[in-house]
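Residues per chain are reported as follows:
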Amino acid sequence: MKDCRYISYLLSGKVSQHPIKFLLFGFWLMKQTVNLVKCDALLVESKPAIRIEEECIKLLRRGESMATINRITGKSRCYIKALALKLNIPLNLKPRYITESIKRGVLLLANKGFHRKMIADHFQISSGSVEQIISTVEGLVEKRKQFRFQSKRRKYKAVILRAIRNNPFAIKQEIKNSFYAAFHWLYAHEKYWLDNTLPAPTRPKIRSKVDWKKRDSALTARVESIMGNLIGPISRSQLDEKLGGHGWLIRYQHKLPETIAIYQKINKELSR
């Protein structure tokens, strides 16, 4: 704004002005303030930007790859490439394209069962390129799947064997709970081996709530008392009814040897 008469009229207070003029002047002042703030911000940010650029140049001259420089500085590959072209610095783009030698190396490691990410890192190419090379050889994908299967089988078998060796008194359920993934994979694919390797299941020990020895002794006295008043023989079912109908003399006679012996002795005498 070179002509200051517009402002002088507004600020003089002697000449009446339309309110729109004051609004326009206020808008202009605000815009100038914003521009000043932006300039200050650019001055502040320019110093770190210069330092990052210097770091990029130093790494480029050292021969680092674009991926390494991107990881260190955070600058995009396009920025790094443009900077290298601007300063005529040769870029480390290894490999620039996938050669026959690289393909042979990829296939050699793939046939040995190495993971595709490790192969990609070794040759500085993408995992997708590795998969594409592998898929060109018929049967190699299935072969690598078999490698993974065998590797997982060896790994999980080693886990179970180590668990048994470290916990020789552990039961099957404890190993199953502690090594869930290994147990269920082997159960699905190696059930015969798993059943023959894990400890045999143990039957739970059932503790009887009845002291049959004590009961046998008590029933002996009652049987003698009941049969002492009889005039003829009696069956075990009839005697059991007289004892309360619990079925002890029928279902649990093997647990009452003294009672059964007394019953048979007295019953034999009554039969004469």
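See the structure shown above.
These numbers were taken from a predicted model, which means no experiment stands behind them.

Asker: Give me the lowdown on the nonpolar core, citing residues and values where you can.
Answerer: Generally speaking, nonpolar side chains in soluble globular proteins are found buried as a group. In this structure, Val223, Met227, Leu239, Leu243, Leu249, Leu256 and Tyr263 are the most contacted members of the largest nonpolar core, which totals 15 residues. Elements that contribute at least two residues to this core include exactly α12 (212–227), α14 (248–251) and α15 (257–271). Considering each element in turn, this core owes the most residues, five residues, to α15. Beyond its immediate sequence surroundings of up to four residues, Tyr263 is in contact with Val223, Met227, Ile234, Ser235, Arg236 and Leu239. If you look at the next biggest cluster of nonpolar residues, it comprises twelve residues, including Val106, Ile119, Ala120 and Leu140.

Asker: So what's going on with the environment of Lys172? Which residues, and what values?
Answerer: Mapped onto the fold, Lys172 is located in helix α9 (residues 172–178). As a C-alpha pair, Lys172 and Thr202 span 30 residues in sequence and 9.1 Å in three-dimensional space. If near-sequence neighbours (up to four positions away) are discounted, Lys172 is found in contact with Phe183, Asp195, Leu198 and Pro199.

Asker: I'd like to hear about the pattern of salt bridges, residue by residue, with values.
Answerer: Summed over all chains, the structure comprises ten salt bridges. A salt bridge links Lys117 to Asp121; the nearest nitrogen and oxygen atoms lie 3.5 Å apart. With Lys117 and Asp121 both in helix α6 (residues 116–123) and four residues apart, the pair spans about one turn of that helix. A relative accessible area of 45% means that Asp121 is categorised as partly exposed. Of the charged contacts in the structure, one is a salt bridge between Glu142 and Lys145, with a shortest N-O distance of 3.7 Å. Here Lys145 and Glu142 lie together in helix α8 (residues 140–166), a separation of three residues that amounts to about one turn.

Asker: Go over the packing of aromatic side chains with me, naming the residues and quoting the values.
Answerer: Taken as a whole and judged by the stated rule, the model has three aromatic pairs. Ring plane angle 15° and centroid distance 6.2 Å describe the contact between Phe183 and Tyr187, whose orientation is recorded as stacked. Residue Phe183 and its partner Tyr187 are located together in helix α10 (residues 180–189), separated by four residues, close to a single helical turn. Relative accessible area serves as the criterion here: at 5%, Phe183 is assigned to the buried category. Ring pairs connect the aromatic residues Phe149, Tyr156 and Trp185, which therefore count as one cluster. Against the face of Tyr79 rests Lys75, its NZ or CZ located 4.7 Å from the ring centre. Cation over ring: Arg215 sits above Trp248, and NZ or CZ is 4.2 Å from the ring centre.

Asker: Before we move on, can you summarise the packing of α6 against helix α7 (residues 127–135) with the specific residues and values?
Answerer: Direction vectors running N to C along α6 and α7 enclose 110°, while the axes themselves pass 8 Å from each other. Taken together, the axes of α6 and α7 are roughly perpendicular relative to one another. Across from Arg116, Lys117, Ile119 and Ala120 in α6, the residues of α7 making contact are Ser127, Val130 and Glu131. Split by residue class, the contact of α6 with α7 holds three nonpolar, one polar and three charged.

Asker: Give a detailed account of the side chain of Thr259, specifying residues and quantitative values.
Answerer: Position of Thr259 among the secondary structure elements: in helix α15. The class for Thr259 is buried, based on a relative accessible area of 0%. Every residue in contact with Thr259, bar those within four places of it in the chain, is listed here: Asp216, Leu219, Thr220, Val223 and Leu249.

Asker: I'd like to hear about the environment of Glu55, residue by residue, with values.
Answerer: Along the chain, Glu55 falls in helix α2 (residues 19–62). Considering only alpha carbons, one finds Glu55 and Thr73, 18 residues apart in sequence, at a separation of 7.5 Å.

Asker: I'd like to hear about the side chain of Asp216, residue by residue, with values.
Answerer: Tracing the sequence through the fold places Asp216 in helix α12. Salt bridges are absent for the buried Asp216, whose nearest opposite-charge side chain, Lys213, sits at 9.0 Å.

Asker: Describe a nonpolar patch on the surface, and please don't skip the residues or the numbers.
Answerer: Side chains of Ile20, Leu23 and Leu24 sit close together on the surface and give an oily, nonpolar patch of about 310 Å² of accessible area. Relative to the assigned elements, Ile20 resides in helix α2. What makes Ile20 partly exposed here is its relative accessible area of 43%.

What counts as what
- Within every chain, residues take consecutive numbers counted from 1 along the sequence as written.
- Local features in a predicted model are, by the rule used here, given only for residues with pLDDT of at least 70; side-chain atom pairs are given and counted only at 80 or more, and totals for whole chains, interfaces and linings are based on all residues.
- In computing side-chain values, all of the structure's heavy atoms are included and hydrogens and water are not.
- Among the buried residues, those of types Ala, Val, Leu, Ile, Met, Phe, Trp, Tyr and Cys that are joined through side-chain atoms within 4.5 Å form a nonpolar core.
- Burial status follows relative accessibility: with a 1.4 Å probe on protein chains alone, a residue under 20% of its type maximum counts as buried, one over 50% as exposed, and anything between as partly exposed.
- Numbering goes from the N terminus for both helices and strands, where a helix is a DSSP run of H or I of at least four residues and a strand is a run of E of at least two.
- The contact definition used throughout considers only heavy atoms, calling two residues in contact when any of these lie within 4.5 Å.
- Put simply, a salt bridge is a Lys or Arg side-chain nitrogen that is within 4 Å of an Asp or Glu carboxyl oxygen.
- Paired rings are identified among Phe, Tyr and Trp, the last through its six-membered ring, by centres lying within 6.5 Å, and are further divided according to the angle between planes into stacked (under 30 degrees), edge-to-face (over 60) and tilted (the rest).
- A ring is scored as having a charge over it whenever the NZ atom of a lysine or the CZ atom of an arginine sits within 6 Å of its centre and within 35 degrees of its normal.
- Axes here refer to lines fitted to C-alpha atoms; in helices the fit is confined to the stretch in contact. Angles between the N-to-C directions go from 0 to 180 degrees.
- Roughly parallel means an angle under 35 degrees; roughly antiparallel means over 145; roughly perpendicular covers 65 to 115; every other angle is labelled oblique.
- Here the nonpolar group is Ala, Val, Leu, Ile, Met, Phe, Trp, Tyr, Cys and Pro; Asp, Glu, Lys and Arg are the charged ones; every other residue, Gly included, is treated as polar.
- Residues scored as charged are limited to Lys and Arg (positive) and Asp and Glu (negative), so that His and the chain ends carry no count.
- Two joining distances apply to patches: 9 Å for like charges and 5 Å for nonpolar side chains (Val, Leu, Ile, Met, Phe, Trp, Tyr), and every residue must have over 30% relative accessible area and no salt bridge.
- Per-residue and other accessible areas follow the Shrake-Rupley method at a 1.4 Å probe size, with only the shown protein chains counted as cover for residues.

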